[in-house]
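Architecture and fold: a report
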Amino acid sequence: MKHYFTLLYGLLLSVAILAQDSRNISTIYIDKKGVMRWNDTHQEASFYGVNYTLPFAHAYRAMNYLGKNHKEAIDRDVYHFSRLGFNAYRIHVWDVEISDSKGNLKENEHLDLLDYLIAKLRERNIRVLITAMTNFGNGYPEKNENNGAFSYLYNKCEIHNTEAAIQAQENYIAQFVKHINPYTNLSYKEDPYIVGFEINNEPCHADTPKQTEGYINRMLKSLKGAGNGKPVFYNVSHNMEHVQAYYNTAIQGTTYQWYPIGLVAGHTRKGNFLPYVDEYNISFSGVKGFDQKAKAVYEYDPADITYSYMYPAMTRAFRTQGFQWITQFAYDPIDMAWANTEYQTHFLNLAYTPNKAISMKIAAEVAYSIPMGKQYPKYPNDTVFDNFRVSYSEDLSELNTNNKSFYSNNTTSRPVNSQQLTSIAGCGNSPIVHYEGTGAYFIDKLEDGLWRLEVMPDAVQIKDPFEKASLKKEVVTIAWNKWRMEIDLPGLGQDFTITAVNDGNGYKGLSKGIGFSVEPGIYLLQRNNYSPVKDWNANTKWNNILLGEFVAPKAHANTYSVVHHPALVSENGKPLSFQANIVGPSFPDSVIVYTDKVSFWSERNPYIKMERVNGYTYKADIPANMLHEDLFRYNIIVCKGGKNQTFPANIDGNPLDWDFYQNEYYQTNIVASQSPIELARVTDAYSNIDTYGIPERSYVMGKLSNDGLAKMQTIKYNFKINDADARFFWRKYIKEYIINRTEALSKAQNICVNISDPQEIKNLKIGFITSDGFTYTTEFELNTNRSIYKIPLSGLIQDSTAILPSPYPVFLQRYFIPDTQIPFDINKIEIIELSSTNGMNENASYELGSIWLE
């Protein structure tokens, strides 16, 4: 009992000290020009971080499904926020989980977890922007759990103009800001680490602008009556006809989002999207009061991609527009990121998407270092800016300053001054670090001859993370392996001491020159003959962490996975090389390739052995004499300890077993080198051809047209037209069709397309989007008496690039118009595009068949 009271006294004392210390912590105010400033120095503030939803909705439930402790899970993720250099956190609170039908606040586990999370963020010096209400259900991606909360009683587009609903919101928001966090002993309105409140998430205003203005004013009055003195923000990037109403109110901050390549593609998108994020133009920047309110990005993400080059470019665009708060949506909790079920279209976690996470760390530096309003040249002349570089071709973000070297992927850029480096963070290889593992690493200077090394385990993608999500499906697996690392730092030298400091890791040794073997963990690297000034150990506090803190998922690559995308086509008479990523509980003894010609009954069954080239990547070189038929079909067999596993079927055994019954193969079409290059062939109503309308209220409808066995299949396209000036686009990613057709590509003269039965369409454009992200097109005339069109490639001219799919918010520009001329290079083509040229009516239609180069 005495021990209990001692602990209780200590807890109460720490809370009291925390409350007292809060009076000395800098807070944010917004000046008359809409600039967020620190109250003590009056300097401009800049915030960068993430959304993260573990206290609520699916993330909360998933922790229960997986048997995880919610608070321990929060601890793990908040540590990684700190390692990525974030100083900002935003959450839209699921009011349905903490309120009743009248808007009374419910003290429950969800609210307790939010309190705990806020307190833990405070320990890492991370500020918080809270959106008090979502006004929608808590289900996604599951069904809603209707608990009778007030937001369940009204349609989202009625909740802001229905009197009973508004009264519930007034009651709720006042109680919410007055709620006292037991972990800080401060109410939300008093907590200096909470910079402000956004009233609601993505409101739907269906009444008049005057009514909207009145609604916001009532929320502001309720907050003021509750004693709130913090800045209040409101979303201005929805309901465009209500924009002036927003600025007529006394809100001090405005919020925006950016999803530049749409949402929920259902698969990984590919291509160069840098033109899409070249600028963030706000179409209503001239409205009265615009320049008097702060600007915050509540959510942003280049969805449905695994690339690591986008975040810094987007952040630069935000800073040019004067944004001071920038939070990505959304960071996946580490305990469920392996499945990416929370938001199928987003995917970010330090352990599971290390390249993207390091790109986020670099983007944070963009937010902190680039002045508000600084202008940059137009793409592609802005891919190197200040101390940063982004590259689509290298899938790379990079920061290179006197004291920092951060890179999201392999880089050849030498540090500005390796003598002055104090912080390194990266993935892959650089001139100062060589590492074969796939996880991220951090190298931080503690003293002149002492560095802290943090190495994350390997992340290997084994399925498309943007397909239909399920906790029964792993999309990224984790492997722990020991890899050689070389660190070439003048302040560290050669033959340095390596001492592990994280729990359960007892390693101690010397490097051989600059190289050593390392597994995931935390290490102190000490220069030879150097004596540290300070006694550094696992419990030493350094910046916002303890020196020995280490968070990483356990290895769960319990069975072998082979990730292989066979070449669609290869040329006859030429060898074929391909790669596969292979991961499992240990490295295979061998990996071999069998063709479909092997047989249990044959005494001669040739095979090709795959060689590991780096990390988990294996390569096979198939000689030309094995590629003499029209179709090359093969299996990949992983061999370990006398057991075999055959892919793509992913079954035990191999094709030479007497009882092997599977006939599933990888396959590549083999064609003559002089044959046309197929770019599109109709196989179904989709045929991997994406269709779009600008504006998106108008759209394309495709139906498979097959009038008999003797006729080639086509897709008949009709149109739903809701805008007189609507344009329509057809796109297909074709890089995989041409990658092994270099000779034929160099000789191609025409792009050929099969179009039949055009009705009330006179012209179309056809062309390509290249790896530069530039579009080249030419216009051609349709004729009802013709079905094959040959368009000379020499006629392609540089055109504007349509930003497709539709970006959010809706006010963003839909075309990138370059001011740099880059000649068309057929070797750079990645996407084929057809587009309409002018207004059409709903009687228009045409049938599309194959597209090819010859």
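Residues numbered from 1 in each chain as written. Predicted model: local features only at pLDDT ≥ 70, side-chain atom pairs only at ≥ 80, totals over all residues. Heavy atoms only, no water.

So, about the overall build of the protein chain. Per the secondary structure count, the protein chain includes eleven helices and 53 strands. Computed over its C-alpha atoms, the radius of gyration of the protein chain comes to 29 Å, within 12% of the 29 Å expected for a compact globule of 854 residues. Its C-alpha atoms give the protein chain principal-axis dimensions of roughly 85 × 70 × 55 Å. Counting every position in the protein chain, which comprises 854 residues, the buried fraction comes to 58%. Across the protein chain, the fraction of contacts at a sequence separation of at least 24, relative to all contacts at a separation of at least 6, is 70%. Accessible surface computed for the protein chain: about 35,000 Å², of which carbon and sulfur atoms make up 48%. Taken together, the 81 basic and 92 acidic charged side chains of the protein chain have centroids lying 3 Å from each other. (Helix = DSSP H or I, 4+ residues; strand = E, 2+ residues; numbered from the N terminus. Rg over C-alpha atoms; globule rule 2.2 N^0.38 Å. Buried < 20%, exposed > 50% of the residue type's maximum accessible area, 1.4 Å probe, protein only. Contact = heavy atoms within 4.5 Å. Areas by Shrake-Rupley, 256 points an atom, 1.4 Å probe, with all protein chains shown as cover. Lys, Arg positive; Asp, Glu negative; His and termini not counted. Charge placed at Lys NZ, Arg CZ, Asp CG, Glu CD.)

Applying the stated criterion to the full structure yields one disulfide. Across a sulfur-sulfur distance of 1.9 Å, C157 and C204 are joined as a disulfide pair. Taking the sign of the S-S torsion, about 90° here, the bridge from C157 to C204 comes out right-handed. On the criterion of sequence distance, the pair formed by C157 in the loop between β5 (127–131) and α5 (163–178) and C204 in the loop between β8 (194–198) and α6 (209–225) is long-range, its members being 47 residues apart. (Disulfide = S-S within 2.5 Å.)

Attention now moves to the packing of aromatic side chains. Taken as a whole and assessed by the stated rule, the structure comprises 62 aromatic pairs. Both rings, one in Y256 and one in F323, keep their centres 5.0 Å apart while their planes meet at 90°; by these two values the pair is edge-to-face. With Y256 in strand β10 (residues 253–258) and F323 in the loop between α8 (311–320) and β12 (325–328), this pair connects stretches of sequence that are 67 residues apart. Take Y256 and F323: they sit in the same class, and that class is buried. On the numbers, 5.8 Å between centres and 75° between planes, the contact of Y376 with F385 is edge-to-face. For the pair Y376 and F385, a shared accessibility class is recorded, and that class is buried. Sitting above the plane of the Y193 ring, R127 keeps its charged end 4.4 Å from the centroid. In this structure, R316 packs its charged tip against the face of Y376, placed 6.0 Å from the ring centre. (Phe/Tyr/Trp six-rings, centres within 6.5 Å; stacked < 30°, edge-to-face > 60°. Lys NZ or Arg CZ within 6 Å of the ring centre and 35° of its normal.)

To continue, consider unusual backbone geometry. The omega angle of the peptide bond from F329 to A330 is -10°, so this bond is cis rather than trans. A cis amide bond links Y379 with the next residue in sequence, P380, at an omega value of 10°. Mapped onto the elements, P380 comes out in the loop between α9 (354–369) and β13 (384–385). Phi at A57 is positive, roughly 55°, even though this residue is not glycine. One non-glycine residue, S687, lies in the positive phi region at around 55°. Positionally, S687 belongs in the loop between β40 (677–680) and β41 (690–694).

The subject of this paragraph is the side chain of N87. Checked against the element boundaries, N87 lands in the loop between α3 (70–83) and β4 (88–92). Classification of N87 by relative accessible area gives buried; the value is 18%. At 2.8 Å, the side chain of N87 and the backbone nitrogen of Y48 are in polar contact. Once you skip the residues sitting within four places of it in the chain, N87 turns out to touch S46, F47, Y48, N125, I126, R127 and Y368. (Polar contact = N/O pair within 3.5 Å; in protein donor to acceptor, adjacent residues only side chain to side chain.)

Tallying each qualifying case throughout the model produces 41 salt bridges. As a salt-bridge pair, K597 and D596 come within 4.0 Å of each other at their nearest N and O atoms. Looking at K597, the relative accessible area reads 54%, which means it is exposed. Each of E571, K574, R741, E743 and K747 takes part in salt bridges that share partners, so that together they form one network. (Salt bridge = Lys/Arg side-chain N within 4 Å of Asp/Glu carboxyl O.)

So, about helix α4 (residues 109–123). Helical geometry: 3.6 residues make up each α-helical turn, so side chains three or four residues apart lie on a common side. Here α4 spans 21 Å end to end across 15 residues, near enough to the 21 Å set by a 1.5 Å rise per residue. Among the 15 residues that make up α4, eleven are buried, leaving the element largely enclosed by the rest of the structure. Buried within α4 are the following residues: H110, L111, L113, L114, D115, Y116, L117, I118, A119, L121 and R122. The backbone nitrogen of H110 has a side-chain oxygen 3.2 Å away, supplied by the residue at the start of α4, namely N108. Where α4 terminates, the next one or two residues include N125, which has phi positive at roughly 65°. (Expected span 1.5 Å × (residues − 1).)

Moving on, we come to the sheet that holds β13. Pairing is mixed across the open sheet formed by ten strands, whose spatial order is β13-β14-β15-β16-β17-β19-β20-β27-β24-β25. The open sheet terminates on both sides in strands that have one partner only, identified here as β13 and β25 (508–510). Bridge count between strand β24 (residues 497–500) and β25: three bridges; the pairing is antiparallel. Bridge assignment links I498 to a residue of β25, and that residue is G509. Sitting on the sheet, α3 touches β19 (441–447), β20 (450–455) and β27 (521–526), and the angle it makes with β20 is about 130°. Running at roughly 135° to strand β16 (residues 404–407), α9 makes contact with β13, β14 (388–391), β15 (396–400), β16, β17 (423–426) and β19 of the sheet. (Pairing = 2+ DSSP bridges. Axes fitted to C-alpha atoms, helices over the stretch in contact; angles between N-to-C directions.)

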